[in-house]
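Spelled out from the first residue to the last, the chains are:
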Amino acid sequence: MAIHDIDICRWMADAEADSVFVTGSMMVSDLSSCEGPEAIDTALTMIKFKNGVTGLIDNCRQAPYGYDQRVEVFGDKGMVASENNFPNTVKKLTADGVETDLPYSFFMTR
């Protein structure tokens, strides 16, 4: 479920993993007919890289609001973030709340 996320963490950390901790469970889907890793739909992966960098990956097979892919990198001089892609960047902010388009619903449409 997270192989591409692990690859981008390795690339961003510019290092290989030294240790990995993963936990997961069935939270949003009925995967009771599945066994082993296939029965996991929500996972958290923490990677400690050989250069001291720590990476944290949150995964879920379901995002009802659209295709959700974000990355944030924190360092001693600041932060870099890449957000989801939306059909447009218009946001309406009022006392009643914030309205905006949902992210694209599939990675091929972004």
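Going by the structure above, here's the rest.
It should be emphasised that the depicted structure is a prediction, and the values quoted were computed from it without experimental measurement.

Draft legend 1. Molecular detail of the overall build of the protein chain. When you go through the protein chain residue by residue, the secondary structure sums to one helix and seven strands. For the protein chain, the sequential pattern of α-helices and β-strands runs α-β-β-β-β-β-β-β. Since a compact globule built from 110 residues should have a radius of gyration of about 13 Å, the 17 Å found for the protein chain marks it as more spread out than a globular shape. Each principal axis of the C-alpha atoms in the protein chain carries an extent, and together these give about 45 × 45 × 30 Å.

Draft legend 2. Structural detail: the state of the cysteines. In this structure the tally under the stated criterion is zero disulfides. Residue Cys 9 stays outside any disulfide, its sulfur separated by 17 Å from that of Cys 60, the closest cysteine. Taking relative accessible area as the criterion, Cys 9 reaches 16% and is therefore assigned buried.

Draft legend 3. Local environment of the side chain of Asn 84. Mapped onto the secondary structure, Asn 84 falls in the loop between strand S5 (78-82) and strand S6 (91-94). Given a relative accessible area of 12%, Asn 84 falls into the buried group. A distance of 2.6 Å separates a polar atom in the side chain of Asn 84 from the backbone nitrogen of Gln 69. Excluding its chain neighbours within four sequence positions, the residues that come into contact with Asn 84 are Tyr 67, Asp 68, Gln 69, Arg 70 and Pro 103.

Draft legend 4. Highlighting the side chain of Asn 59. Residue placement: Asn 59 occurs in strand S3 (residues 54-60). Among the polar contacts made by the side chain of Asn 59, one reaches the side chain of Asp 5 at a distance of 2.9 Å.

Draft legend 5. Seen up close, the sheet that holds S3. Spatially, S1-S2-S3 is the arrangement adopted by the three strands of the open sheet, whose pairing is antiparallel. Sheet topology places strand S1 (17-25) and S3 at the edges, where each strand pairs with a single neighbour. Across this sheet, the average inter-strand angle for adjacent strands is 15°, counted without regard to direction. Here seven bridges tie strand S2 (residues 42-49) to S3, and the two strands are oriented antiparallel to one another. What sits directly across from Leu 44, in S3, is Asp 58.

What counts, and at which threshold
Residues numbered from 1 in each chain as written. Predicted model: local features only at pLDDT ≥ 70, side-chain atom pairs only at ≥ 80, totals over all residues. Heavy atoms only, no water. Helix = DSSP H or I, 4+ residues; strand = E, 2+ residues; numbered from the N terminus. Rg over C-alpha atoms; globule rule 2.2 N^0.38 Å. Disulfide = S-S within 2.5 Å. Buried < 20%, exposed > 50% of the residue type's maximum accessible area, 1.4 Å probe, protein only. Polar contact = N/O pair within 3.5 Å; in protein donor to acceptor, adjacent residues only side chain to side chain. Contact = heavy atoms within 4.5 Å. Pairing = 2+ DSSP bridges. Axes fitted to C-alpha atoms, helices over the stretch in contact; angles between N-to-C directions.

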